[in-house]
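Architecture at a glance
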Amino acid sequence: MNKPISPPESLADLIENPTQCPRCGAIARLDHGSCINCLLSTGLEAQAETSREAFERILAEDNVADNEWRLGHYEILEEIGRGGMGVIYRARQQHSRRIVAVKRIFAHQVNSHETLVRFRREAEAVASLDHPNILPIYEVSESEEGLPFFSMKYATGGSLRAAAPALRVEPRDCVRLMAKVARAIAYAHDKGILHRDLQPGNILLDGNGEPMVSDFGLAKWLDENNDLTRTLETLGTPGYIAPEQAESPGVNLTFASDIYSLGAILFYLLTGRPPFVGANALSVIHQAGATPAPRLRSLAPSLDRDLETIVAHCLESDPDARYQSAEALGIDLEHWLRHEPIQARHTGVFARGRKWMRRNRTTTVLVASLIALGSVIAVMFWEKESPHPMPTGIAAIPYKSIAVLPFDNLTADPENASFTDGVQDQILNNLAKIADLKVISRTSVMQYKAGAKHNIRQIANELGVAHVVEGSVQRAANRVRVSSQLIDAKTDRHLWAESYDRPLDDVFAIQTEIAKAIAGQLQAKLSPAEKSAIEQPPTTNLIAYDRYLRAKKVRAVQTARVPADMREETRLLNQAVAYDSTFLLAYCELAQAHAYAYHLGVDRTPARVALAKAARDAALRLGPDRGEPHLAAAEVAFHCDLDYATALSEIAIARDKLPNDGSVIALPAYIHRRQGHWENCARDLERAVQLDPRNVWLLQDAAETYHHARQFPEAASAWDRVLAVAPEDPSTRVWRGLVDLDSRADTQPAYEAIQNILTEDPSAVDSIAEHWLYLALCRRDAAEMGRALASLPPEGIVRRDLLMPRPFCEGLAARARGDAKGAEAAFIAAHVEMEKILREQPDYAQAFCVLGLSDAALGRKEDAIREGRRALELLPVAKDMMAGGVVLTNLAIIYAWAGEKDRALEQLATAIRFPSPEFLSYGQLKLHPFWDPLRGDPRFEKLVEESKKPVALK
Amino acid sequence: MNVEAEPRVFTTTRWSLVLAGANSEGDQQNKAAEALAELCRTYWRPAFSYVCRRGYSSEDAEDLTQDFFLMILETNWLQQADHGRGRFRSLLLKSLQNFLHNAADKNRTLKRGGSVQFVSWDAWMREAPSQLSIPARALDSLAPERLFDLRWAATVVEHALRRLREECEGKGRLRLFEALRDHLAAEHGDISYADLGTGLGVAETVVKKQLYNLRQRYRSLLREEVSHTVEKPADVDDEIRHLCAALASAA
């Protein structure tokens, strides 16, 4: 929803060399150069007007038809079809004289250059498909006026729609045809291409009656941003679109969606109508999601049961319950043709999914079944291979445990999704306040998409709960309807269900009632304090609430915490408190957001700390007895002041009031880590994971903890655990590869991970840029270094605490390449930047590290050593073992570059005893150019060997 | 509803529907709500430009504009608005000014009323990007109210052109439209009919005839667009003149 408009578009495009209109002297124009004033004043002229009928009549009188067009190299001969998206012509290719079909997209469909680019890219990808039952695309191009079109094989047999009546007579012909289509779709899926719009109109027939699938996925790029109703109208009959698409068109599509469509087409061929029909598109889709598909034999009793089963298996509203691949469908159809038994008869078995190919960012995360499979594997892996016992979470599941899943947004307007999320969020928060209940944290449950049919048992298993809460929200003008039910996960029975139809302002009361009802149903004890906390609405101002929810959404979406997102988050929260100055929760979030911004190095100024504290104070004033302000105070104390004592005491207060809040458990873990109590840290993180088992950051933090402590078997399985939940996450994939680098000096896995990521999704480079550079340095690959450098964001590498500006990175690369001159220039520039930063943030220890390294590289020994030591002063290990470890190591490198070998080795020997988030492991010591000046020295080699061992921890 | 020589040209205008529905119930109110929603959907951009020009950041302007239209569509706007029944444009601007004035302070709550769907902001924004261009120095010196009018004028014209284009495209005459669209306001002397004829593969006379045809239709569409924002057909000319004046003053 927050699509930013860049300033020029918000006001107007600016003309470089304005000229006045020769007729009227005005200077405002439309893009094409037309004078707006003239176009406007023509409305005043005393000419007669024309009705539409008269206009069209006159238009038709002269043959200036579009069909005399040349589009690219094609002579348009005649129009053969017209749809919501564009027009299809029969055309002749100029040079070869071959007859082809040309499809021109309506100009008003292409609303931006970006759409056009994507359309082209997708079309070209489809053009690469080579299969006898896929209509080949020959060329994708644009006319002179910029209208996109593409040419394809001309199918003389018309579409399936036309052929359907004849086919219906012989069901075997239908099946034979669809088996071929299924195989074709399987081929496309193998290449990672979804069709997204399978319907009879898109299956054409050639002269021999062979089916050819056309129009792959192309509709998506044109309609991606349209709301569902318009999409459905544009695409024609909605009866073939998978119901999960009803929630957010285009985003939710998986292979399973295509399979649904195949089933629907087969249904249509055999019965003469699609599975669902209705008065309008939206009603059809909703029916499809809410009710099971009609049985084939209820419409065509002469067909046999196996065929009915196959079709039903495609039309399951739960995507997991369908054939897991188009190939499986094709095989079953072929079995049927040969009168052999079919697979689909065995319900409940899902086949292993095929390797998922991501083509673009909007493709959804793996279907729940595959995740479950993955997490089962991860558990087994831990138990077998890890010498270090890791809690597996297969402890007994308490009865009084629930997960509140995302609610369904039943209002047609997708913008209402945020409000729906808010309802679920508040119910979750209310329940989480009850100490007698185990309530799973929000981050974990938000991964289960609303609307899609949930496999309750599986989800409950994954989350470790005995009960699940589902619901839906519908909003119209000033009223709201909330429905909710409590489900016993083992038996799938509804223990409680209720529906509330109230004025909008009552929404908070509804949330309270639902929470109390559920608690009551589970016989959870409710203390008076808890009761009163639940009864208090977060705010009474709906606009403030809206901003707050949107801010939370921004925070939830980030997988790497990007400065722009953080700005957006604080902006929204500021608005929230502006609209309601008593909005305690918003102040708490604001304090946390500011604290994070400071902590992550986005803004390390006292001003930022002041903002965090101001928000915290406001929250504490508003609710000194509430848990959330104390949690916020703990975060501020930790992130801004490194004041562990205060943080821990605030957490102790918060813990009573927020018994189910994952961060209340996780924060002490981080404190432990900084204090050097790594065992405690690991233990607490695992406890936090219990309440938030699918919180990717938490899982990542756990994995990183093992990694930095050089406990690599544990780290490997912990990274695998993350991948089980977020298999696509680029940074995790690289980290998993880094285990091999760090533990065995093997760069290959990390290298491959990076290459794969970049191939699958070039835009993911942002999240792995620093790893890429680092790897390239270890591999001494100059070309790779160059590529990695090119992909760095302009501000350089902003990691947790460390900022390495662009010139610094360039300097590292140049130095590693042996380019002395380039290195010098780069480090000089880096020096300038670091000085600037230090002027603004004079106590930023890590900045001194980078400054010192730059000076060391430039041969300024004394300066470098002084700066390295200053960093150590500002951030001793005793104060913060995590960040302090970096500083220690960094000083060793400075000494090494400054030629002070003895001191370098001494420093290194110290550093090696501490867990270090950067630069220090067996692999790094062996491979990274940082350590080159020390190579060959037997003392160094001894330390390298020692680094193979894990850090000796308390 | 309106007494006119050519009743078929002026169907009941949206604004007149809105005005009629202001104090009514049931079907008439629903029609009014729909008409208002349609108007807002078309004319949001001038409002947005105004807010930006008043100094808000893009993101804040988006939020404010959205809230403003939410308020318009959700509440009984007309009842609360000034009862001088002006044109939609002037009433909208005045309301917007008041809205911004109040936006800074006070708790804001959505008031009840109406029966309209929510603002689908994304859909509005994505429809037909606007193509207004003006010199930088002019932009800087424009008062927000002038920019509002300028944008309004541009919206009206663009809308009419878009509809003309769709009508042509629907009849397979897109090529013709593309060739002639830049000449819709031109004087006879400026156009080389011969050249156009050659490009299109038809005689000069055909070009002249179709250009005239397009112009007339465009003019109808333009006037129809404007009429939707005024109460009576007689106001159309006046409204156009006002917008022309706004354009002229931008020079």
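On to the overall build of chain B, then. Counting secondary structure elements, chain B contains 12 helices and one strand. For chain B, the sequential pattern of α-helices and β-strands runs α-α-α-α-α-α-β-α-α-α-α-α-α. Counting all 251 residues of chain B, 59% fall into the buried class.

For the rest of this paragraph, the subject is the overall build of chain A. Looking only at helices and strands, chain A has 41 helices and 18 strands in total. Contacts in chain A between residues far apart in sequence, at least 24 positions, make up 62% of those at least 6 positions apart.

All names here are of chain A. Between helix H5 (residues 160–168) and helix H9 (residues 255–271), the least distance of the axes is 7 Å, while the angle of their chain directions is 50°. Regarding the angle of H5 to H9, the classification is oblique. When H5 is examined against H9, the residues Leu160, Arg161, Ala164, Leu167 and Arg168 are found in contact with a partner set consisting of Ile265, Tyr268, Leu269, Leu270 and Thr271. Taken together, the residues that form the contact of H5 with H9 break down as seven nonpolar, one polar and two charged.

So, on to the packing of aromatic side chains. All told, the structure shown has 20 aromatic pairs over all chains when counted by the stated rule. On the numbers, 4.9 Å between centres and 70° between planes, the contact of Phe508 of chain A with Tyr545 of chain A is edge-to-face. Note that Phe508 of chain A is positioned in helix H18 (residues 507–521) and Tyr545 of chain A in helix H20 (residues 542–557), a separation of 37 residues in sequence. Site record: aromatic cluster; members linked through ring pairs are Trp15, Tyr43, Tyr50, Phe88, Phe148 and Trp152 of chain B.

Another point: helix H38 (residues 881–897) of chain A. Residues and elements named next belong to chain A. Between the first and last C-alpha of H38 there are 24 Å, a value that for 17 residues agrees with the 24 Å anticipated at 1.5 Å per step. Across the 17 residues that make up H38, a large majority, 17, are buried. Two or three places before Ala883, at the opening of H38, Asp880 has a side-chain oxygen 3.1 Å from that residue's backbone nitrogen. Taken from the residues just after H38, Gly899 is the one with a positive phi, measuring 85°.

Most often, soluble globular proteins have nonpolar side chains that are buried together. Judged by nonpolar contacts, the single largest core of 124 residues is most densely connected at Leu773, Phe808, Trp897, Leu908, Leu925, Trp931 and Phe940 of chain A. Looking at this core, the element that brings in the most residues is H38 of chain A, giving 13 residues. Look past the residues within four positions of Trp897 of chain A in its chain and what remains in contact with it is Leu812, Arg815, Phe827, Leu853, Ala856, Ala857, Pro929, Phe930 and Pro933 of chain A. Counting 84 residues, the second-largest nonpolar core is a separate cluster that includes Leu30 and Leu39 of chain A together with Ala153 and Ala154 of chain B.

Cut-offs and rules
- Residues numbered from 1 in each chain as written.
- Chains lettered and ligands numbered in written order.
- Predicted model: local features only at pLDDT ≥ 70, side-chain atom pairs only at ≥ 80, totals over all residues.
- Heavy atoms only, no water.
- Helix = DSSP H or I, 4+ residues; strand = E, 2+ residues; numbered from the N terminus.
- Buried < 20%, exposed > 50% of the residue type's maximum accessible area, 1.4 Å probe, protein only.
- Contact = heavy atoms within 4.5 Å.
- Axes fitted to C-alpha atoms, helices over the stretch in contact; angles between N-to-C directions.
- Parallel < 35°, antiparallel > 145°, perpendicular 65-115°, else oblique.
- Nonpolar A, V, L, I, M, F, W, Y, C, P; charged D, E, K, R; others polar.
- Phe/Tyr/Trp six-rings, centres within 6.5 Å; stacked < 30°, edge-to-face > 60°.
- Expected span 1.5 Å × (residues − 1).
- Polar contact = N/O pair within 3.5 Å; in protein donor to acceptor, adjacent residues only side chain to side chain.
- Core = buried A, V, L, I, M, F, W, Y, C linked by side-chain atoms within 4.5 Å.

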